[in-house]
Amino acid sequence: MTDLTVDAVADAADPARRLHPGTVLLRILAASPRTLLGLPALIPLINRRGLLVGIAVLGLIGLVSLLVAWLRWRAFTYRITADEVVIADGILNKSRRSIPLERVQDVSLEQKPLARLFGLVTVRIETGGSDADEATLDSVATAEAERLRATIRASSLRRRVAASDGCDAPLAGPDADAAADHEHSLFAMDLRRVLTLGLFRFSLVWIAVIFGILNTLGDAIDFDYDLIDEWYRAGKREAAHYLNIASFVIVGVLAIMLGLASGVLQTLLGEFGFRLTRIEQRLRRVRGLLTRTEVVIAINRVQLALIRRGAISGLLGWRALELQTLGGSNDKGGRQSIAPLARPDEIAPILAAAVLPPFEPLPLREVSPRHIVRSLILNVPGPLVAVLIATIVFPPAVALLVLTPLPVVAALLARRYHRYALLDGSLQVTRGVLSREAWVVPDRAVQVVRMRQGPLQRLLGIASIHIDTAGAGKIRAPRIIDVDTAIARDMGAAIAARAIWADQLADAGAETGAAGEAVGAGTT
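Given the structure is predicted, the values throughout are model-derived calculations rather than measurements.

Each value, and the rule that gives it
Residues numbered from 1 in each chain as written. Predicted model: local features only at pLDDT ≥ 70, side-chain atom pairs only at ≥ 80, totals over all residues. Heavy atoms only, no water. Core = buried A, V, L, I, M, F, W, Y, C linked by side-chain atoms within 4.5 Å. Buried < 20%, exposed > 50% of the residue type's maximum accessible area, 1.4 Å probe, protein only. Helix = DSSP H or I, 4+ residues; strand = E, 2+ residues; numbered from the N terminus. Contact = heavy atoms within 4.5 Å. Salt bridge = Lys/Arg side-chain N within 4 Å of Asp/Glu carboxyl O. Pairing = 2+ DSSP bridges. Axes fitted to C-alpha atoms, helices over the stretch in contact; angles between N-to-C directions. Left-handed = near helix turned anticlockwise from the far one by under 90°. Nonpolar A, V, L, I, M, F, W, Y, C, P; charged D, E, K, R; others polar. pLDDT = per-residue confidence, 0-100. Phe/Tyr/Trp six-rings, centres within 6.5 Å; stacked < 30°, edge-to-face > 60°. Lys NZ or Arg CZ within 6 Å of the ring centre and 35° of its normal. Arc of directions from axis to C-beta. Polar contact = N/O pair within 3.5 Å; in protein donor to acceptor, adjacent residues only side chain to side chain.

The next subject is the nonpolar core. Nonpolar side chains tend toward joint burial in soluble globular proteins. Within the largest apolar cluster, 29 residues are counted, with the highest numbers of intra-cluster contacts made by Phe187, Leu276, Leu283, Leu321, Leu323 and Ile350. Listing elements by their share of this core, those giving two or more residues are strand 8 (183-188), helix 8 (191-200), strand 11 (292-298), strand 12 (302-309), strand 13 (319-325), strand 14 (336-342), helix 12 (344-353) and strand 18 (436-442). Setting aside residues no more than four positions away along its own chain, Phe187 makes contact with Arg193, Phe274, Arg275, Leu276, Ile338, Ala339, Pro340, Leu341, Ala342, Glu346 and Ile350. Counting residues in each nonpolar core, the second largest holds 23 residues, with Val24, Val107, Ala135 and Leu137 among its members.

Applying the stated rule across the entire model yields 18 salt bridges. A salt bridge links Glu294 to Arg284; the shortest N-O distance between them is 2.7 Å. Taken together, the positions of Glu294 in strand 11 and Arg284 in strand 10 (residues 282-287) put the pair ten residues apart, joining distant regions of the chain. Under the relative-accessibility criterion, Glu294 is labelled buried at 9%. As a salt-bridge pair, Glu322 and Arg335 come within 3.0 Å of each other at their nearest N and O atoms. Here Glu322 is found in strand 13, whereas its partner Arg335 is found in the loop between strand 13 and strand 14, with 13 residues between them in sequence. Across the pair, exposure class does not vary: Glu322 and Arg335 are buried alike. In the salt-bridge network here, residues are joined through shared partners; they are Glu146, Arg149, Arg284 and Glu294.

Moving on to the sheet that holds strand 21 (residues 479-484). Pairing in this open sheet of three strands is antiparallel, and the strands run 19-20-21 from one edge to the other. In this open sheet, the two strands that pair with only one neighbour each are strand 19 (446-452) and strand 21. Along the sheet, successive strands turn relative to each other by an average axial angle of 20°, direction set aside. Sheet topology places strand 20 (residues 462-469) next to strand 21; four bridges connect them, and they run antiparallel. Opposite Ile462, over in strand 21, you have Asp484 as the bridge partner. Along the sheet, helix 13 (residues 370-379) contacts strand 20 and strand 21; its crossing angle with strand 21, the most-contacted strand, is approximately 110°.

Now for the environment of Pro340. Mapped onto the secondary structure, Pro340 falls in strand 14. Placed 32 residues apart in sequence, Pro340 and Arg308 show a C-alpha to C-alpha distance of 9.1 Å. Excluding residues within four positions of it along the chain, Pro340 makes contact with Phe187, Met189, Leu197, Arg201, Glu271, Phe274, Arg319 and Ala320.

Residue Ser139 is bonded to the preceding Asp138 through a cis peptide linkage, with omega at 10°. Its identity is not glycine, yet Glu280 carries a phi of approximately 55°, on the positive side. Secondary-structure assignment places Glu280 in the loop between strand 9 (275-279) and strand 10. The exposure class assigned to Glu280 is partly exposed, which follows from its relative accessible area of 28%. Residue Asp482 is not a glycine yet carries a positive backbone phi of 65°. Its place among the elements puts Asp482 in strand 21.

Where helix 13 meets helix 15 (residues 405-417), the axes come as close as 9 Å, and the angle between the chain directions of the two elements is 145°. The handedness of the crossing between helix 13 and helix 15 is right-handed. Here His371, Ile372, Ser375, Leu376 and Asn379 of helix 13 lie close against helix 15, whose contacting residues are Pro407, Val408, Ala411, Leu412, Ala414 and Arg415. Residue composition of the contact of helix 13 with helix 15, by class: seven nonpolar, three polar and one charged.

What follows concerns the sheet that holds strand 4 (residues 95-100). Strand order in this open sheet of four strands is 1-2-3-4, and the pairing throughout is antiparallel. The open sheet is flanked by strand 1 (17-18) and strand 4, the only strands paired with a single partner. For strand 3 (residues 84-89) and strand 4, the ladder comprises six bridges, and the chain directions are antiparallel. Among the inter-strand pairings, Val85 is bridged to a residue of strand 4, identified as Ile99.

Turning our eyes to something else, we now look at the confidence of the model for the chain. Averaged over every residue, the pLDDT of the chain is 79; residues scoring 70 or more account for 74%. Counting interchain partners and residues more than four positions distant, the pLDDT-below-50 stretch residues 1-13 has 30 contacts. The model gives residues 163-180 a pLDDT under 50, and that stretch makes 32 contacts with residues more than four places away or in other chains.

All chains considered together, the criterion is met by one aromatic pair. Measuring from centroid to centroid gives 6.0 Å for Phe187 and Phe274, while their planes differ by 75°, and the two rings are edge-to-face. Taken together, the residues span a long stretch of sequence, with Phe187 in strand 8 and Phe274 in the loop between helix 11 (245-271) and strand 9 at a distance of 87 residues. In this structure, Arg18 is placed above the aromatic ring of Trp73, and the distance from its NZ or CZ to the ring centre is 6.0 Å.

The complete set of buried residues in helix 12 reads Ile347, Ile350, Leu351 and Ala353. Buried residues along helix 12 cover an arc of 155° about the axis, so they all sit on one side. Exposed side chains of helix 12 directed beyond 90 degrees from the buried face belong to Asp345 and Ala352. Buried residues belonging to helix 12 abut strand 8, strand 9, strand 12, strand 13 and strand 14. Looking one or two residues past helix 12, Val355 carries a phi angle of roughly 60°, positive in sign.

Moving on to helix 13. Think of an α-helix as 3.6 residues a turn; residues three or four steps apart then line up on the same face. Burial in helix 13 covers these residues: His371, Ile372 and Ser375. Buried residues of helix 13, viewed axially, fall in a sector of 100°; they line one side.

Quick look at the side chain of Glu322 now. Overall, Glu322 belongs to the buried group, its relative accessible area being 13%. Of note is the side chain of Glu322, whose polar atom sits 3.1 Å from the side chain of Arg308. Contacts of Glu322, omitting those with residues within four sequence positions, involve Leu304, Ala305, Leu306, Arg308, Arg335, Gln336, Ser337 and Ile338.

Okay, here's the thing in structure tokens:
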């Protein structure tokens, strides 16, 4: 790796840089599918004016697209100084953003198939105060992407050394590179495990995709749905006497096989080569077959851990680990997928590397027994009334009454698996019946503690505790549902007190470090 000094990067004479010129072509190619979908609009023009006019109009559209893409490329510049990343953009409305390097937490790299052909990389810069990418450089050369990442690593490493040694001397050269590049492997998935994960991601989305394409292109290609219906009816009449239970079984097996193949293909494209490592105070995740992505997560941004247990994969001893970070994530659910398919003993060292407490299921206790009563009141009457109404219209529907015990069983199991406890340094919560979730929330990550009571909960003397953390979504969050009201008050107060204490300890540590740095600077 090329030696990189902070002073060289911070040179005030460093000129503003532009994205790679290949960005212009990439943007045109990326927009081509939308352009092709608009081609049917030219058919009436070609019929009236002739083919040459249509080609001329199409060429004019291409030239305008090329000009706009070139102007966007020309207007976009960025520059790395000693203290900040400066980005200028805009053709007519100019904008300029300055991102202090001390705020930059994550730098992720992504290579899509077309970009890989040109040797280009998309660089995403994230900060702790944003719920999305603060800046995206799309696209730069691979060497430039490495330069940007090394610059930020060197700046971060210099601040940590200055804080610990009480001096402001920069750390540069081979020693800085060696410190930044020392990686410790935490987790990896070989091809066999990736394929196993794909089997658990059974999907029939391909059916919807096919019909969506046909529906979108139906007018353009003059697709006749009535003709398909006639074929279906004719085939049904001809083959009615051949159809039997075996035929339906074959169709069902075929659908399942296609669903499995779809899940495996999707997982192979997204998770191939999955590898998680630790570099200094960062976690680095690399994955992808065609689109290769690299995400770096600052450990001090990690807020909580979520351990998932699937309905089928969980029975086979598999788990999935996700981390909630300050800036959220582009991953599904807004959390970083750290170990999509792992054993419990593989998850423990990852939690330790992320400076999170271990998950301890044994001390957890169940919520109030009145949780069962509330679940039955909320979930049984609706289906029961629906079955009774259906029976009036269609008497054989009375057989559906055999399903009414299912909500009762679900309520019993929901309480059994909904547990919680305040352990040493963290709140831990589990929920779910078939698919289960286990939350590990460090005291330092708690932002807001709320106790909520609906009308039915007040009647039953129970309440729910809602825990808010920075960067968390509003739909899926660590919650303790239906505990005794007195216990909820005490639990909420205890969680809030521990969060305040953790903040005070962190502030005291920061003041001690700042005092040490000031003393070191004074003695230099």
